[in-house]
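Residues per chain are reported as follows:
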Amino acid sequence: MSEGTSSLVSSNKTVNQSDTFLQNLIYSRTELASGCTLAVLSPITVTTNVLLLTAIFKDPLNYFKKPTSYFVIGLSGADLLCGLLVEPFFAMYYFVRFFRASNEIEAITRTLFLIGSVISTASLNASFVMVLMLSAAHFIAIEYPYSYKTWIKKKFVLPSVLATWLYFIVFSLLPILGIDQHFFLKLNLTVHATLVSVILAVLQILTYKAFTAHSEHQKIKKTASSVPESGNRGKLLMKKSLRCRGLDRHFIVMTFYLSAILLFSAFPHIGVFYVFLYKQPHSLSEELNLNVLLRITDLLLFVKVAADAFIFAWRLPTYRKSLHFLITGKLPQLETGV
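Residues numbered from 1 in each chain as written. Predicted model: local features only at pLDDT ≥ 70, side-chain atom pairs only at ≥ 80, totals over all residues. Heavy atoms only, no water.

Some points on the environment of Tyr-63
Rules: Secondary structure elements follow DSSP: runs of H or I no shorter than four residues count as helices, runs of E no shorter than two count as strands, and numbering proceeds from the N terminus. Residue contacts are counted whenever heavy atoms from the two residues lie within 4.5 Å of one another.
Of note, Tyr-63 is situated in the loop between α1 (2–58) and α2 (69–99). Considered as a pair, Tyr-63 and Ser-322 are 259 residues apart in the sequence and their alpha carbons are 8.6 Å apart. Among residues more than four places away in sequence, those in contact with Tyr-63 are Asp-248, Phe-251, Leu-316 and Thr-318.

Here it is as structure tokens:
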């Protein structure tokens, strides 16, 4: 009887060890895949955001001389920092861990990883808030145009962007200053990631409703005046109405896409991180699975960082024209569509 029990226990240990080895192998390969992905995303993110910032500061078509462009600069600066410092530091750390480099190299890459984590906290939080403020500005412009003209000015927008960056730089340094790491992560997750994402989601719903109502109002006005309009003509009238408020329809739609991809990448990461911080894993296998999910949802955030500049190029014809002019010195043919 005891011999059979002993064999059973031995068999269970062998199975557990095999499961643990398999889970460790999966996590190790997840880190390798993360490193390869970040190594690809990094140069793309840097290149596209350098082009975006160059187009904004050169501004050959005088398109970015609006106060909300400072939000775009703040967002692009955050993405550039991620591509320039965070993604390469993380990639090196994952590669070194997977290929089991010497202790000295691992110590260096771990230090770089910690530096990248600090920069990541500041830049990702700042990018979230830049999108939030950009969305809020558009909601005010559509729903309260007179307030927009009063408040959305350079003297208010620029200090807001600088204050946001200063706040998150100081906040990201709190663990270095002695704040408990676990408490810091919970605070960041609740106050910044969760709260900002929820507010942004609600704000996008309100903005969409205001945008749709404004569009319908313009159609009713034109119908009442008995002027027949085609679909494209109606869109052009909508653009004209928004421009009277100092807005660009393309810019508003672009902000919708920025918000959508941010929320798509943020909510899975937030959900997994809550489980990571508040649920005690019952086994090593469960802990490893949770860490695999964290690495995957981390990548979603970095894909969002890389995608931001492409959304500008996709949704803003004037930005594409500016890039074309900066590269070739010639203006492309004007686009007449919307």
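Digging into helix α9 (residues 284–315)
In an α-helix, one turn spans 3.6 residues; hence positions three or four apart end up facing the same way. Heads up, the condition is: Residue count minus one, scaled by 1.5 Å, sets the expected span of a helix. By definition, a residue's bend is the angle between the axes fitted to the seven residues ending there and the seven starting there.
Here α9 spans 46 Å end to end across 32 residues, near enough to the 46 Å set by a 1.5 Å rise per residue. Its axis deflected by about 35 degrees at Ala-307, α9 carries its strongest bend there.

Considering the nonpolar core
Spelled out, the test is: Only buried Ala, Val, Leu, Ile, Met, Phe, Trp, Tyr and Cys residues count toward a nonpolar core, and they belong to the same one when joined by side-chain atoms within 4.5 Å. Accessibility here uses a 1.4 Å probe with only protein chains present; expressed as a share of the type maximum, an area under 20% marks a residue as buried, one over 50% as exposed, and anything in between as partly exposed.
Core analysis: the largest hydrophobic core is formed by 70 residues, its most contacted members being Phe-71, Leu-258, Phe-312 and Tyr-319. Per element, the largest residue contribution to this core is 16 residues, and it comes from helix α3 (residues 103–143).

Focus on the pattern of salt bridges
Applicable threshold: Here a salt bridge means any side-chain nitrogen of Lys or Arg lying within 4 Å of a carboxyl oxygen belonging to Asp or Glu.
Enumeration over the complete set of coordinates arrives at four salt bridges. Close ionic contact of Glu-286 with Lys-279 constitutes a salt bridge, the shortest N to O distance being 2.4 Å. Look at Lys-279 and you get partly exposed, because its relative accessible area is 36%. Here Asp-308 and Lys-304 are joined by a salt bridge, their closest N and O atoms 3.1 Å apart. Pair noted here: Asp-308 and Lys-304 are both in helix α9, with a separation of four residues, about one helical turn. The same class applies to Asp-308 as to Lys-304, namely buried.

Digging into the environment of Thr-328
For the record, the criterion: Here a polar contact is recorded for every N or O atom pair within 3.5 Å, except that within protein the pair must consist of a potential hydrogen donor and a potential acceptor, and residues adjacent in sequence are included only if both atoms are side-chain atoms.
Assignment of secondary structure puts Thr-328 in helix α10 (residues 317–328). A distance of 2.6 Å separates the side chain of Thr-328 from the backbone oxygen of His-324, its partner in a polar contact.

Description of the packing of aromatic side chains
What counts is decided by this rule: By convention, a stacked pair of Phe, Tyr or Trp rings (six-membered ring in the case of Trp) has centres within 6.5 Å and planes under 30 degrees apart, an edge-to-face pair has planes over 60 apart, and any other such pair is tilted.
A full pass over the atoms with the stated rule returns 20 aromatic pairs. Measuring from centroid to centroid gives 5.1 Å for Trp-151 and Phe-156, while their planes differ by 50 degrees, and the two rings are tilted. For Phe-156, a relative accessible area of 31% corresponds to the partly exposed category. With a centroid separation of 4.9 Å and 65 degrees between ring planes, the pair formed by Tyr-167 and Phe-168 is classed as edge-to-face. Take Tyr-167: its relative accessible area is 43%, and that puts it in the partly exposed class. Through a chain of ring-to-ring contacts, the aromatic side chains of Phe-90, Tyr-93, Tyr-94, Phe-113 and Phe-302 assemble into a single cluster.

Digging into unusual backbone geometry
The phi dihedral of Asp-59 falls on the positive side, at around 45 degrees, and the residue is not glycine. Checked against the element boundaries, Asp-59 lands in the loop between α1 and α2. For Asn-62, which is not a glycine, the phi torsion comes out positive at approximately 55 degrees. Secondary-structure assignment places Asn-62 in the loop between α1 and α2.

A closer look at the packing of α9 against α10
Filter applied, for reference: All axes are obtained by fitting lines to C-alpha atoms, using only the stretch in contact for helices, and the reported angles, taken between N-to-C directions, cover 0 to 180 degrees. Should an angle fall under 35 degrees it is taken as roughly parallel, and over 145 as roughly antiparallel, whereas 65 to 115 is taken as roughly perpendicular and any remaining angle as oblique.
It is the contact of α9 with α10, at a shortest axis distance of 5 Å, that shows an interaxial angle of 100 degrees. It follows that α9 is roughly perpendicular to α10 by the angle criterion. Contact residues: α9 offers Ala-309, Phe-312, Ala-313, Trp-314 and Arg-315, while α10 offers Pro-317, Tyr-319 and Arg-320.

So, the confidence of the model for the chain
Quick reminder of the rule: Every residue is assigned a pLDDT by the predictor, reflecting its confidence on a scale from 0 to 100.
Overall, the prediction assigns the chain a mean pLDDT of 84, with 81% of residues at 70 or greater. Segment residues 334–338 is flagged for pLDDT under 50; beyond a separation of four residues in sequence, or across chains, it makes twelve contacts in the model.

Some thoughts on the side chain of Ser-127
Along the chain, Ser-127 turns up in helix α3. Judged by its relative accessible area of 0%, Ser-127 falls in the buried class. A polar atom in the side chain of Ser-127 sits 2.7 Å from the backbone oxygen of Leu-124. Each residue touching Ser-127, except ones within four places of it in the same chain, is listed here: Leu-75, Ala-78, Asp-79, Leu-262 and Lys-304.

Observations concerning the side chain of Thr-68
Here Thr-68 is to be found in the loop between α1 and α2. What Thr-68 contacts, discounting residues up to four positions off in sequence, is Leu-134, Ala-137, Tyr-148, Ile-152 and Phe-251.

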